[in-house]
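Structural overview for review
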Amino acid sequence: MKLKKAMILLGTVCILNTMIVGCSSSSESVAKTEENQAGESSPEAPQENTAGKWQVLEPDVAAAVDADFLGKVWKMEEDSFFIAEKKVTILDDGSRSYSSPGSNADIPDSQLIHVVFEEDTVFYRRTTDGNGENHEDKEAEFQDLKEHMTVEMKGSFKNDEFHATEIRFF
């Protein structure tokens, strides 16, 4: 019975988050359109992905997980990789609930997020104790990253690509 209530609560939270994100991104688009119509020019530099398909975590969630976006490595390329989004929700008691696709899931490429990084991007391999409360991060390299590993990243979206400045993986 408790599991059913938890599932209903999680579903409700997901729906509310979707509605909030949908409403906030459309109002931002309207504001930007109004600015452009008023004759203000937009800068040429790449901007945050305010109206893109993918968004960084909400500030309170990002602070709780010490990351801007979470994912599960799905495909590796020579100098970048693709992830499936890993969702995190902070529950009323302060604990976190995570959900990500299973390793055998069939995810279309259109649902994968391209992660790119620069030479100065820092990679860490995280190891945790048995109960997950304590952890240690050791410097690593891109070559240490493998498919189906969980990644916690800092950075931002530009044109629906995540530009990572720090990547932690498990």
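Moving on: the overall build of the protein chain. When helices and strands are counted, the protein chain shows two helices and eight strands. Expressed as a percentage of its 170 residues, the buried residues of the protein chain come to 28%. Of the accessible surface of the protein chain, which amounts to about 11,200 Å², a share of 51% is contributed by carbon and sulfur atoms.

Among the eight residues in strand β1 (residues 69-76), six count as buried, and that is most of the element. Alignment of β1 against strand β7 (residues 150-158), held across four bridges, turns out to be antiparallel. Note that in β7 the partner of F69 across the bridge is M153. By the bridge criterion, five bridges tie β1 to strand β2 (residues 81-85) in an arrangement that is antiparallel. Within β2, the position partnered with G71 by the bridge is E85.

On to the nonpolar core. Among the nonpolar cores identified, the biggest contains 20 residues, and F81, I83, V151, M153 and I167 are the most heavily contacted of them. Setting aside anything within four residues of it in sequence, one finds F81 in contact with V73, K75, M76, I113, H114, V115, F117, F142, L145, V151, M153 and I167. Listed in part, the seven residues of the second largest apolar core include L57, V61, L70 and V88.

Tracing the backbone shows V116 in strand β5 (residues 113-128). Taking the C-alpha atoms as reference points, V116 and S80, 36 residues apart in sequence, are found 5.1 Å from one another. Those residues within four positions of V116 in sequence are excluded, and the remaining contacts are S80, E161, F162, H163 and A164.

Assignment of secondary structure puts D144 in the loop between β6 (135-140) and β7. Sequence-wise, D144 and R125 are 19 residues apart; in three dimensions their C-alpha atoms are separated by 8.2 Å.

Attention shifts here to the side chain of E166. Relative to the helices and strands, E166 resides in strand β8 (residues 161-169). Among all residues touching E166, those that are not within four sequence positions of it are T121, V122, Y124, E152, M153 and K154.

What follows is about the packing of aromatic side chains. Counted under the stated rule, the structure contains eight aromatic pairs. Between F117 and F142, the aromatic rings sit 4.9 Å apart at their centres with planes inclined by 45°, giving tilted as the arrangement. With F117 in strand β5 and F142 in the loop between β6 and β7, the pair connects residues that are 25 residues apart, well separated along the chain. Owing to a relative accessible area of 10%, F142 belongs among the buried residues under this scheme. Here the aromatic cluster, defined as three or more aromatic residues joined through ring pairs, consists of F81, F117, F123 and F142. A cation over a ring is seen here: K75 above F82, with NZ or CZ 5.5 Å from the ring centre.

A separate point is the side chain of S156. Inspection of the secondary structure assignment puts S156 in strand β7. A residue is classified by how much of its surface remains accessible, and S156, at 11% relative accessible area, is buried. Only 3.2 Å separates the side chain of S156 from the side chain of K158, close enough to count as a polar contact.

Turning next to unusual backbone geometry. Among all residues save glycine, negative phi is the norm, and among peptide bonds the norm is trans. Of note in this structure, D66 is not a glycine but carries a positive phi near 55°. Along the polypeptide, D66 turns up in the loop between α2 (59-65) and β1. Assessed through its relative accessible area of 40%, D66 is described here as partly exposed.

About the criteria used
Residues numbered from 1 in each chain as written. Predicted model: local features only at pLDDT ≥ 70, side-chain atom pairs only at ≥ 80, totals over all residues. Heavy atoms only, no water. Helix = DSSP H or I, 4+ residues; strand = E, 2+ residues; numbered from the N terminus. Buried < 20%, exposed > 50% of the residue type's maximum accessible area, 1.4 Å probe, protein only. Areas by Shrake-Rupley, 256 points an atom, 1.4 Å probe, with all protein chains shown as cover. Pairing = 2+ DSSP bridges. Core = buried A, V, L, I, M, F, W, Y, C linked by side-chain atoms within 4.5 Å. Contact = heavy atoms within 4.5 Å. Phe/Tyr/Trp six-rings, centres within 6.5 Å; stacked < 30°, edge-to-face > 60°. Lys NZ or Arg CZ within 6 Å of the ring centre and 35° of its normal. Polar contact = N/O pair within 3.5 Å; in protein donor to acceptor, adjacent residues only side chain to side chain.

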